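Now for the letters of each chain:
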Amino acid sequence: MNEHKTNKRKVWIQDVTLRDGNQALKKPWTKSEKESVFDALVALNVNGIEVGFPSSNRNEFESVQSLAKKAPKHITIAALSRANEKEIQTTWDAIQFAKTPRLHIVYPVSAFQIQNVLKISNEQVLEKIFNAISFARKISGKDTSLQFSGEHFGDAIENFEFTIKAFNTAIEAGATVINLPNTVERYRPFLFVDMVRRVVEKIPSHITVSVHTHNDLGMATATTVESFYAGATQLEVALNGLGERAGNTNLYETAIALHQCGEDVDLNFKKVYPTAKFISDLTKIPIGEKSPIVGEDIFSHRSGIHQDGVTKTIGQKKGAYRTFSPDFVGREDEEKISFTNQSGAKAIQHLLWEAGKKIEPDKIQILFHKAKEVSSAEENRTIEIEELLFWAEQV
Ligand code: KIV
Ligand code: ZN
């Protein structure tokens, strides 16, 4: 089926936390830690999991093998290999026990990388890709899913036509998924997304197109989400945005953005917040208070204009200043109004109402001015409900 050209395409969430995320940790996970992350990913209901890089060390090999063995059939289990026969064989030895295995082979395609790191000709690059994928196809059988990643694809602006040759070479040799990494985010999202669109047009339509973006400039989510609309169906993402340098594309942001846009995403959204907390506890990497989706402070409203809109749309499906409700992502908190010297009279009324105190409108105004004065006089601090209740007794 022409998967990426039908009107309504399904989003395929391919998680790479256990490979790209783990390889960038100060202390990579143990076998049992990897298993607990794997279990969290299964509970989250991602479509595919890249479980590791078996050639990196013995523990990793064993961990990949045991995760492959326990994986359910409906989740595609990938493992990464560089483009040489020894590593491909090791990777297959680890991954072949999965009910739905995928061999993932990476080789650079950008002119910069070819000239400065590989130091070989374009013809040699194509030969290397062809040989590696052909070998992978030979040992894994005719039906195994084979993913080829053109490392540094996002940097291949000058040699874009060559990348098309590289991808078609991988496809001829047996690749079924072409992954387009923005290995280092150097340019604006539109340039990458346009390259994705051109790849989709130039490779056979039965091939799945995937994107894998890093967050060096903070635009990975935007790049990945827009790449979906350019024809990529598989989106490689990571829990808590873990990954090399500034990380990989954040799974929660990508999945929820696409869901908000009306796309079909299989994720168990209620597991998002508990999973983010679990990963933060496990890695000891704190979640920023203002992090989208999972930050502690993202449902707080302190400005008067916003408080007016929030109180008028409370309980409605669409809130004036809310894109989704806390419980949608499994949070137990609620939208919260608090009073600072930036706040409005609506906040006073709402806070007292929440505390079960009914009060006349003219008294609200008195309390509002009092609260503003006190906050401004005391380093713009937040006024607590106990103070408001105390003052309410006195007006
Ligand atoms: O960032 C990258 O290019 C990678 C590849 C292995 C896909 O992680
Ligand atoms: Zn990566």
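First, a word on scope: everything that follows refers to the structure included in this document. Note that this is a predicted model, so its numbers are computed, not measured. (Residues numbered from 1 in each chain as written. Chains lettered and ligands numbered in written order. Predicted model: local features only at pLDDT ≥ 70, side-chain atom pairs only at ≥ 80, totals over all residues. Heavy atoms only, no water.)

### Let's talk about the sheet that holds strand β8 (residues 234-237)
A barrel is described by the order of its strands in space; here 8 strands give the closed sequence β1-β2-β3-β4-β5-β6-β7-β8, paired in parallel fashion. Recorded for the sheet is a direction-independent mean angle of 25° between the axes of neighbouring strands. Along the sheet face, helix α4 (residues 85-95) touches β2 (48-52), β3 (76-82) and β4 (101-108) and points at about 160° away from the line of β3. Running at roughly 170° to strand β7 (residues 208-213), helix α9 (residues 220-229) makes contact with β7 and β8 of the sheet. (Pairing = 2+ DSSP bridges. Helix = DSSP H or I, 4+ residues; strand = E, 2+ residues; numbered from the N terminus. Axes fitted to C-alpha atoms, helices over the stretch in contact; angles between N-to-C directions. Contact = heavy atoms within 4.5 Å.)

### Topic: the environment of leucine 251
Following the sequence through the fold, leucine 251 ends up in helix α10 (residues 251-260). With a relative accessible area of 0%, leucine 251 lands in the buried category. Residues leucine 251 and glutamine 124, 127 residues apart in the sequence, show an inter-C-alpha distance of 36 Å. Setting aside its immediate chain neighbours within four residues, leucine 251 contacts Ile13, Asp15, Leu44, Val46, Val237, Ala238, Leu239 and Leu267. (Buried < 20%, exposed > 50% of the residue type's maximum accessible area, 1.4 Å probe, protein only.)

### So, the side chain of glutamate 87
Note that glutamate 87 resides in helix α4. The buried category is assigned to glutamate 87, whose relative accessible area is 8%. Of note is the side chain of glutamate 87, whose polar atom sits 2.5 Å from the side chain of arginine 82. If sequence neighbours within four positions are ignored, glutamate 87 has contacts with Phe53, Ser55, Ser81 and Arg82. (Polar contact = N/O pair within 3.5 Å; in protein donor to acceptor, adjacent residues only side chain to side chain.)

### Focus on the site of ligand 1
The immediate surroundings of ligand 1 are formed by Arg19, Asp20, Leu80, Val106, Ser149, Glu151, Asn179, Pro181, Thr183, His212 and His214. In this structure, an oxygen atom belonging to ligand 1 sits 3.0 Å away from a side-chain N or O atom of arginine 19. Here an oxygen atom of ligand 1 and a side-chain polar atom of aspartate 20 are 3.0 Å apart. When the free accessible area of ligand 1 is taken as 260 Å², the share hidden by the protein chains comes to 92%. Where the shell around ligand 1 is concerned, the elements lending two or more residues are α1 (17-23), β5 (145-151) and β6 (177-182). (Near = heavy atom within 4 Å. Areas by Shrake-Rupley, 256 points an atom, 1.4 Å probe, with all protein chains shown as cover.)

### A look at the side chain of arginine 102
Tracing the sequence through the fold places arginine 102 in strand β4. Here arginine 102 is buried and forms no salt bridge, its nearest opposite-charge partner glutamate 236 lying at an N-O distance of 5.4 Å. At a separation of 2.7 Å, a polar atom in the side chain of arginine 102 contacts the side chain of glutamine 234. Not counting chain neighbours up to four residues away, the residues in contact with arginine 102 comprise Gln14, Thr76, Ile77, Ala78, Ala79, Ile95, Ser145, Gln147, Val177 and Gln234. (Lys, Arg positive; Asp, Glu negative; His and termini not counted. Salt bridge = Lys/Arg side-chain N within 4 Å of Asp/Glu carboxyl O.)

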